[in-house]
Amino acid sequence: MPSQKILEQKTALVAALAEKLKAATAGVLVKYEGISVADDTKLRAALRAAGVEYTVVKNTLTGRACDAADLSEMKQYLGGMTAIATSATDAIAAAKIMKEYAEKIESFEIRAGFLDGVVLDKAGVENLASIPSKEVLIGRMLGSLTSSLYSFARVLQAKIDKENEGAPAEA
């Protein structure tokens, strides 16, 4: 039986991970087996730059944290060497980066994820990763608004030009 000190450390680790999962907007669970040190370093740097936390914890402790964070459905995806990437602010950053690395590295695999407390399977995470960034979506929305306004302005100008065709020019 483990000592009291080790049990306290594990309990604290589970509580910290559960709080991280509760505070996160989204997260992705991956199988990171077979990734090289160089690729892992690049992955961690990309995640850090995007404000995503990457955590490797034993599956039993991760399972307990998932229970505490009301994400019990994710426990079925735990097995082998797993890691979890969570983001408190950007809902798609972790999914995008993890999908990019899963495409590059054959042994790196997306297993599951969550978004606002709802557990997603691999296909759900990949769909989440395909959503354009917030900046792109805002740009598209503004572009569609301005194009409508420009079209309306052209129609008004054409009407004004048509009405003024026969009128004498003012000096």
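Quick caveat: nothing in here was measured; it's all calculated off a predicted structure.

> Could you clarify how one ought to interpret the sheet that holds strand 1 (residues 26–31) in this entry?
Where strands meet in a sheet, backbone hydrogen bonds hold them as pairs that are either parallel or antiparallel. Judged by pairing direction, the sheet is antiparallel, and its 5 strands sit side by side in the order 2-3-1-4-5 without closing on themselves. A single partner strand is all that each edge strand has here, and the edge strands are strand 2 (53–55) and strand 5 (118–121). With strand direction ignored, the average angle separating the axes of adjacent strands in the sheet is 20°. Packed onto the sheet, helix 1 (residues 4–23) meets strand 2, strand 3 (82–87) and strand 4 (109–115) and runs at close to 45° relative to strand 3.

> Is there a simple way to think about the environment of Val125 in this case?
Within the secondary structure, Val125 sits in helix 5 (residues 122–129). With 98 residues separating them in the primary sequence, Val125 and Gly27 have C-alpha atoms 9.0 Å apart. In this structure, Val125 is in contact with Val28, Ala95, Ile110, Ala112, Gly113 and Leu120, ignoring residues within four places of it in sequence.

> Could you clarify how one ought to interpret the nonpolar core in this entry?
Burial of nonpolar side chains together is a common tendency in soluble globular proteins. If you look at the biggest cluster of nonpolar residues, it comprises 24 residues, and the most contacted ones within it are Val28, Val30, Leu43, Leu47, Tyr54, Met98 and Phe108. For this core, the elements supplying multiple residues, two or more each, are strand 1, helix 2 (37–49), strand 3, helix 4 (93–104) and helix 5. Of the residues forming this core, the biggest block, 6 residues, is contributed by helix 4. When residues no more than four places from it in sequence are discounted, the contact partners of Val28 are Ala83, Ile84, Ala85, Ala94, Ala95, Met98, Ile110, Ala112, Gly113 and Val125. Counting 17 residues, the second-largest nonpolar core is a separate cluster that includes Val14, Ala65, Leu78 and Ile84.

> Got a minute to help me understand the packing of helix 1 against helix 3 (residues 59–68) in this structure?
When two helices pack together, their arrangement is captured by the angle between the axes and the distance separating the axes. Across the interface, helix 1 lies against helix 3 with an axial gap of 8 Å and an inter-helix angle of 50°. Classified by the angle their axes make, helix 1 and helix 3 are oblique. Our pair here, helix 1 against helix 3, has a crossing hand that is right-handed. Note on element contacts: helix 3 touches helix 1 through Leu61, Thr62, Arg64, Ala65, Cys66 and Ala68, opposite Lys10, Leu13, Val14, Leu17, Ala18, Leu21 and Lys22.

> Is there a simple way to explain the confidence of the model for the chain in this structure?
In low-pLDDT regions, the fine details of the predicted coordinates are not to be read closely. Overall, the prediction assigns the chain a mean pLDDT of 88, with 96% of residues at 70 or greater. By mean pLDDT, the top-scoring element of the chain is strand 1 (93), and the lowest-scoring one is helix 6 (residues 134–163) (85).

> Mind showing me how you'd approach the pattern of salt bridges here?
Working definition: two side chains of opposite charge can pair if their charged atoms are close together. Evaluation of the coordinates by the stated rule reveals 7 salt bridges. We note a salt bridge from Arg44 to Asp40, for which the minimum N-O separation is 3.0 Å. Taken together, the positions of Arg44 and Asp40, both in helix 2 and 4 residues apart, correspond to about one turn of that helix. Given the relative accessible area of 30%, Arg44 is considered partly exposed. On the accessibility criterion, Asp40 (18% relative accessible area) is buried. Between Asp67 and Lys75 there is a salt bridge; the shortest N-O distance is 2.9 Å.

> In this structure, what is going on with unusual backbone geometry? I would like to understand it.
Note: most peptide bonds trans; most residues except glycine with negative phi. Despite not being glycine, Asp70 has its phi angle at roughly 60°, a positive value. Mapping Asp70 onto the fold places it in the loop between helix 3 and strand 3. For Asp70, a relative accessible area of 65% corresponds to the exposed category. The phi dihedral of Asp116 is positive, around 50°, even though this residue is not glycine. Within the secondary structure layout, Asp116 lies in the loop between strand 4 and strand 5.

> Honestly, the pairing of strand 3 in this entry has me stumped. Any pointers?
Each regular strand shows side chains that alternate between the opposite faces of the sheet. Burial analysis of strand 3 places 6 of its 6 residues in the buried class, the great majority of the element. In the sheet, strand 1 pairs with strand 3 via 6 bridges, with the strands oriented antiparallel. Within strand 3, the residue paired with Ala26 across the bridge is Ser87. As judged from the 3 bridges shared by strand 2 and strand 3, these two strands associate in the antiparallel manner.

About the cut-offs
- Residues numbered from 1 in each chain as written.
- Predicted model: local features only at pLDDT ≥ 70, side-chain atom pairs only at ≥ 80, totals over all residues.
- Heavy atoms only, no water.
- Pairing = 2+ DSSP bridges.
- Helix = DSSP H or I, 4+ residues; strand = E, 2+ residues; numbered from the N terminus.
- Axes fitted to C-alpha atoms, helices over the stretch in contact; angles between N-to-C directions.
- Contact = heavy atoms within 4.5 Å.
- Core = buried A, V, L, I, M, F, W, Y, C linked by side-chain atoms within 4.5 Å.
- Buried < 20%, exposed > 50% of the residue type's maximum accessible area, 1.4 Å probe, protein only.
- Parallel < 35°, antiparallel > 145°, perpendicular 65-115°, else oblique.
- Left-handed = near helix turned anticlockwise from the far one by under 90°.
- pLDDT = per-residue confidence, 0-100.
- Salt bridge = Lys/Arg side-chain N within 4 Å of Asp/Glu carboxyl O.

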